[in-house]
Structure formats: C-alpha cells, structure tokens
Amino acid sequence: TSLMKKLSQILFSSLLLLFIFSSSIYSKEIIIGKAEVIDGDTIKINSKSIRLFGIDAPEKKQKCKKFFLSLIFLSFQKKYNCGTVSTEHLKKKIQHKVIKCVSDSNDRYKRYLAICYLNKLDLNKWMVKNGYAVAYKKYSKKYVLDKQYAKKNKLGIWNGTFIQPEKWRRIM
C-alpha cells in the first residue's frame, strides 16, 4: 500500500504539472468592450484589433452582383458594393453594444483571431448564416453548415454572384 500511495502521488503530481503546462499553452484571451467595426470580419475593442475567426467577408471595395429581375429565361443582375453592405450589417447588429471575444491565437498581422459574441449570439456564425461573409474553410470548418444555409436560401451575397473574398484580394 505504501508503493500504491507513492505511485498515486507521482501520478497526481504528473497530472497537475501537465494541466498547468497545457493550460498555459492553450490559454484563451477574453476581450470585452464596445466594438468599432472596421469591416465585415474585423473589429476593434479597446484598441485591440480582432479578426473574426473562421469567416471571410467581402472587402470594402469589392463589388458583387445580385439578381433584380427575372423574365422567363432571362435574369438580370446589377453590381453593388457587397463589402460595404457586409460592414454595415455588422455595425447595425452590434450598434455600440458590449461584445465579448474569445481568442486563443493571433494572425500574421498580430490581430487577435476570435469568436465574438453579442450576449450569447456568435457574431461570426451570424455573419455567415445571413450571407454577409463566407466560411473561411482554409482555416476552419466551423461555419460550413451556416454557409450552406445562406447559399440554399439565397441570403446576402448568395442572392447573386461574387468572387470569393480570398480570391478577390489576390486579383486586386
């Protein structure tokens, strides 16, 4: 029993050290405050720049096309500034309310990568599900079902045609 007691103490100590080590590696940073919307996938809280994780919104100068008239076999589209629309919808949703962002990493521009919440509403998910941003599958699959919902229901940018924001950045 003395050996069992010693082994259990060693095991407990090892687990405690592992917990302390792993929690320091995977620590999350919580950022809370009133958000300033920069664009459809970037905000600032208390001078901290935050990129909404797992989503990609049209750029401010990006144009998309939306259907405005359909006749039997013809449909007509007109251009609109989808980047501005995306930004404005995020601004309207937030309206200077207190936002909570949870980040566990930074991007190459030193922005916090975060999932942000308005009360319990995941704003990243809301942007994708309403067609104001796309799921950024290159970095996460988290919002793919929300993208499929928006596409199926022709919401936001899905009510027409557009170039994926990532591709648009490369060609512009």
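Located above this text is the structure these notes cover.
Rules of the game
Residues numbered from 1 in each chain as written. Predicted model: local features only at pLDDT ≥ 70, side-chain atom pairs only at ≥ 80, totals over all residues. Heavy atoms only, no water. Pairing = 2+ DSSP bridges. Helix = DSSP H or I, 4+ residues; strand = E, 2+ residues; numbered from the N terminus. Phe/Tyr/Trp six-rings, centres within 6.5 Å; stacked < 30°, edge-to-face > 60°. Buried < 20%, exposed > 50% of the residue type's maximum accessible area, 1.4 Å probe, protein only. Lys NZ or Arg CZ within 6 Å of the ring centre and 35° of its normal. Patch = residues over 30% accessible without salt bridge, like charges linked within 9 Å, V, L, I, M, F, W, Y side chains within 5 Å. Areas by Shrake-Rupley, 256 points an atom, 1.4 Å probe, with all protein chains shown as cover. Salt bridge = Lys/Arg side-chain N within 4 Å of Asp/Glu carboxyl O.

Caption draft 1: Layout of the pairing of strand 3 (residues 48–52). Direction of pairing for strand 2 (residues 42–45) relative to strand 3: antiparallel, over a ladder of four bridges. The partner of I43 across the bridge, within strand 3, is I50. Where strand 2 folds back onto strand 3 in an antiparallel hairpin, the turn is made up of two residues, including N46, whose phi is positive at roughly 50°. The pairing of strand 3 with strand 8 (residues 112–118) spans three bridges and is parallel. Counterpart to I50 in the pairing with strand 8 is Y112.

Caption draft 2: Fine view of the packing of aromatic side chains. In total, this model carries three aromatic pairs according to the counting rule given. Plain terms: the ring middles of W158 and F162 are 4.8 Å apart, the flat faces sit at 80° to each other, and that makes the pair edge-to-face. Here W158 falls in the buried class, since its relative accessible area comes to 13%. Taking NZ or CZ as reference, K66 lies 4.9 Å from the ring centre of Y80, over its face.

Caption draft 3: Molecular detail of a nonpolar patch on the surface. On the surface, F68, L69, L71, L74 and F76 cluster together to form a nonpolar patch covering roughly 470 Å² of accessible area. Within the residue set of the nonpolar patch, elements represented by two or more residues are strand 5 (64–71) and strand 6 (74–80). It is strand 5 that provides the largest number of residues to the nonpolar patch, a total of three residues. Looking at where L71 falls in the secondary structure, it is placed in strand 5.

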